[in-house]
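Take a look at the letters that make up each chain.
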Amino acid sequence: MQKHKIAVIAGDGIGPEVIAEGVKVLKKTASLDGSFEFEFTDFPWGCEYYLKEGRMMPENGIEILSKFDAIFLGAVGFPGVPDHISLWQLLLTIRKSFDQYINLRPVKLLEGAPCPLAGVKREDINMTFVRENSEGEYAGSGAWLYKDKPNEVVIQNGVFSRHGCERVIRYAFELARAEKKTLTSISKGNALNYSMVFWDQIFKEVSAEYPDVETHSLLVDAASMFMVKDPKRFQIVVTSNLFGDILTDLGAAISGGMGLAAGANLNPERKYPSMFEPIHGSAPDIAGQQISNPLATVWAASQMLDFFGHKEWGAKLIDAIETLLKEKKTLTPDLGGTAKTSEVGDAVCAVISK
Ligand code: NAD
Ligand code: IPM
Ligand code: MN
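Residues numbered from 1 in each chain as written. Chains lettered and ligands numbered in written order. Predicted model: local features only at pLDDT ≥ 70, side-chain atom pairs only at ≥ 80, totals over all residues. Heavy atoms only, no water.

**Focus on the site of ligand 2**
Contacts to ligand 2 come from Leu87, Arg95, Arg105, Arg131, Tyr138, Asp245 and Ile279. Note that an oxygen atom of ligand 2 is positioned 2.7 Å from one of the side-chain N or O atoms of Arg95. A distance of 2.5 Å separates an oxygen atom of ligand 2 from a polar atom in the side chain of Tyr138. The fraction of the free accessible surface of ligand 2 (320 Å²) that becomes covered by protein chains is 79%. Counted by class, the shell around ligand 2 contains 3 nonpolar, no polar and 4 charged residues. Structurally, the shell around ligand 2 is a two-domain feature, drawing no fewer than three residues from each of domain 1 (1-103 + 259-354) and domain 2 (115-255). (Near = heavy atom within 4 Å. Polar contact = N/O pair within 3.5 Å; in protein donor to acceptor, adjacent residues only side chain to side chain. Areas by Shrake-Rupley, 256 points an atom, 1.4 Å probe, with all protein chains shown as cover. Nonpolar A, V, L, I, M, F, W, Y, C, P; charged D, E, K, R; others polar. Domains from an automatic or database assignment.)

Right, dumping it as C-alpha cells:
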C-alpha cells in the first residue's frame, strides 16, 4: 500500500471549513481505490496560534514540514494580525523554504459554472497559469528608511535572477510541449526597464529550444484586457509572481469565482514537499457560517492526486465538481445555492462513489 503523508495547515477564517472537505474527499478517493492511503497530520498554525505564541508557526516549523510528502493548506490571515506578518511567517515562508518555484493555477470554465462574460463557451476559458513563485516582486528585499520621520522612504525591490526566470519559463515550455498548447508570456518591459526586459529576453532565449511551441508575448495591461474580451487566446501562460497573483484572481472571476480557484505550489524536483491550496483567502466576511465553497479546495486536492500520479482520481474530482455545477442541487451561496460547506463535500464523495 502506497502511503502519502500530508501535513494539514487549515489556517484561519474559512480555512478549517474548506480543508475539512478536502481531507474528506481525499480519504474517499483512497478508500475507493484501495492501492494508496493518506496519513494526515494537523498543525494548528495561523493567526490564533500567533496571538498565543507570538509567531505563526514554531521555530522548527519548516523542519517539521520537511518530513511530509505534501502540505494541504486552507487559508492564512485574519483581522488582528497584520497581513504582512501572517503571510510572510507562514505561507510565503513555506513557498520559499521549500523552493516551490512553480505555482500552477488552472483557469478553466466548467460546464454549469457562472461566467460574467457574454457569449463565452466552456472551451473558450481553458488556461493554465504558471506563476513564478519564489522571487520577483515577492523577493522581500527592501528597506524602510527614516521611519515615521518627514523624510521617510520605502524601497521594495524586485529580484529577477537568471536561474529563477529560466526555470519557470522552461517549465512552462515543457508543459506547453507536452500538452501541445500555445504559450503566452505576460510581462511589462515597456515600463519595468530592468526586470521585465530581462524576463522578455530570457523568454526569447528559452523559446529557441522549443521551436515546436507557438509563443505569444503580451504586456500585462493588454493581457488583462484580453482575458476579459477574448479569453480563448490563452492556453499555457507564464508570468511573474505578482502578475500571476493578480491575473489568477481575474481568472477566478471569469471561471466561476474564488470558490472554484485552486493552485499547486510545486517543487518539481521533489526535493521538498509541495503545497496544495485554494487560492482564495480566509474570507473573514463569511467565516464560521458553513457557507464557504469548498470546491476550490477539492480542486487543489485533485492537483495533489495528479502530483502523486493518481491522475484518474484527479480527473474524477474535476468531473465531480462539474457534475455538482450542472445539477445545481448542492452548491454554496456564492454559486447561487443554499448548501452548507460540508454538504458540498459529502456530495463530491457521493458522486465519486457512483
Ligand atoms: P478572500 O479571497 O479571502 O475573499 C475575497 C472575497 O471572496 C470575499 O468576499 C470572500 O467572501 C469571497 N470568497 C473567498 N473564498 C471563498 C469561498 N471559498 N467561498 C465563498 N466565497 C469566498 O480575499 P481578501 O478578503 O482579500 O483576504 C482576506 C484575508 O485572506 C487577508 O488576510 C488576506 O491577506 C488573506 N489571503 C490569504 C490567502 C491564502 O492563504 N492563500 C490568499 C488570499 C488572501
Ligand atoms: C495567493 C495569495 C498570496 C499571494 C498572499 C496571501 C500572500 O494572494 O496565494 O494568491 O499573493 O501569493
Ligand atoms: Mn492571490
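**A few points about unusual backbone geometry**
For residues besides glycine, phi is generally negative; the peptide bonds are generally trans as well. Phi angles above zero are rare outside glycine, and Asp99 is one such case at about 45 degrees. As for its placement among the helices and strands, Asp99 is situated in the loop between helix 5 (91-97) and strand 4 (102-108). Judged by its relative accessible area of 24%, Asp99 falls in the partly exposed class. Its identity is not glycine, yet Arg270 carries a phi of approximately 60 degrees, on the positive side. The topology assignment puts Arg270 in the loop between strand 11 (262-266) and strand 12 (274-278). (Helix = DSSP H or I, 4+ residues; strand = E, 2+ residues; numbered from the N terminus. Buried < 20%, exposed > 50% of the residue type's maximum accessible area, 1.4 Å probe, protein only.)

**Some thoughts on the domain arrangement of the protein**
Segmentation of the protein into domains returns domain 1 (1-103 + 259-354) and domain 2 (115-255). Look at where the C-alpha atoms of domain 1 and domain 2 centre, and you get two points 24 Å apart. Domain 1 puts 16 residues into the contact, and the matching count from domain 2 is 17 residues. When the buried area of domain 1 at its contact with domain 2 is split by residue, Tyr101, Ile102 and Asn103 rank highest and sum to 40% of it. Put simply, domain 1 and domain 2 have 2 salt bridges between them. Across the salt bridge formed by Asp99 and Arg167, the nearest N and O atoms sit 2.9 Å from each other. At the junction of domain 1 with domain 2, the criterion picks out 8 residue pairs in polar contact (both at pLDDT 80 or more). (Contact = heavy atoms within 4.5 Å. Buried area = accessible area lost by both parts, 1.4 Å probe. Salt bridge = Lys/Arg side-chain N within 4 Å of Asp/Glu carboxyl O.)

**Section: helix 6 (residues 162-179)**
Its 18 residues place the ends of helix 6 26 Å apart at the C-alpha level, agreeing with the 26 Å of an ideal helix rising 1.5 Å per residue. Within the span of helix 6, buried status applies to Gly164, Cys165, Arg167, Val168, Ile169, Ala172, Phe173, Leu175 and Ala176. Residues of helix 6 that are buried sit in contact with strand 4, strand 5 (126-132), strand 8 (183-187), helix 7 (195-207), strand 9 (215-219) and strand 10 (236-239). Once helix 6 ends, the next one or two residues include Lys180, with phi positive near 50 degrees. (Expected span 1.5 Å × (residues − 1).)

**Here's the deal with the site of ligand 1**
Contacts to ligand 1 come from 21 residues, most closely from Val76, Asp83, Gly281, Ala283 and Asp285. Contacts to ligand 1 include Gly281, whose backbone N or O atom sits 2.7 Å from an oxygen atom. In this structure, an oxygen atom belonging to ligand 1 sits 2.8 Å away from a main-chain N or O atom of Ala283. Burial of ligand 1 by the protein chains amounts to 70% of its free accessible area of 810 Å². Grouping the constituent residues of the shell around ligand 1 by class yields 10 nonpolar, 7 polar and 4 charged.

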